[in-house]
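Structural characterization, general
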Amino acid sequence: YATGLTLLQNGDTERGEPLMRLYMELQDKEDRAYNVRPWSISSRLALGEREAALEKFREFAKAKWHWFGTNTLTMFRYSKLYDPIRNEPEFIALLELYDRNAAEQRRLLEDADFPLPEE
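In this report, the structure presented in the accompanying data block is examined. (Residues numbered from 1 in each chain as written. Predicted model: local features only at pLDDT ≥ 70, side-chain atom pairs only at ≥ 80, totals over all residues. Heavy atoms only, no water.)

1. Thoughts on helix α6 (residues 89-111)
Defined as follows: For the purposes of this entry, the term helix denotes a DSSP run of H or I that reaches at least four residues, the term strand denotes a run of E that reaches at least two, and both are numbered from the N terminus. Multiplying 1.5 Å by the residue count of a helix minus one yields the expected span of that helix. The classification of residues rests on relative accessible area computed with a 1.4 Å probe and restricted to protein chains. Under 20% of the type maximum is buried, over 50% is exposed, and intermediate values are partly exposed.
Compared with the 33 Å implied by 1.5 Å per residue over 23 residues, the 33 Å span of α6 between its first and last C-alpha is a close match. Those residues of α6 that fall on the buried side of the exposure criterion are Phe 91, Leu 94, Leu 95, Tyr 98 and Asn 101.

Set out below in structure tokens:
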């Protein structure tokens, strides 16, 4: 992924595209076994396959494990890789879902009555 992405970002599509396609093929197998990961989305965006990326994004948004991914949220918010879909209503809605979930998690922690350890 990283090598293919670097090559693509530097304009070397002749070498970068086959690497990224190989990565996507392997990642798709893992996606079916576990859940879609953010790199399945960004790899398609790196190849300019916006609609395919949105389809992967829809699958990703259905999974619950990503709610706990601070790194995922940071990537979505700040990585230029996601710029092609940044203004999509689905993308915006998932970021809002992250924010609501984080607020709920904070509230639960603040309301919890954890005993403090004795010193």
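There is more to say after this.
2. Side note on the environment of Ala 61
Mapped onto the fold, Ala 61 is located in helix α4 (residues 50-62). Put simply, Ala 61 and Phe 91 are 30 residues apart on the chain and 8.8 Å apart in space, counted from C-alpha to C-alpha.

3. Concerning the nonpolar core
The criterion, for reference: Nonpolar cores are built from buried Ala, Val, Leu, Ile, Met, Phe, Trp, Tyr and Cys residues. Side-chain atoms within 4.5 Å join them into one set. Note on contacts: a residue pair is in contact if any heavy atoms of the two residues lie within 4.5 Å.
The biggest cluster of nonpolar side chains holds 22 residues, and the ones touching the most others in it are Ile 41, Phe 76, Tyr 82 and Ile 85. Of all elements in the fold, only α1 (2-9), α2 (13-33), α3 (38-46), α4, α5 (70-78) and α6 reach the threshold of two or more residues within this core. If near-sequence neighbours (up to four positions away) are discounted, Tyr 82 is found in contact with Pro 38, Trp 39, Ile 41, Ser 42, Leu 45, Met 75, Phe 76 and Phe 91.

Treat this as a map of the structure, not an account of what it does.
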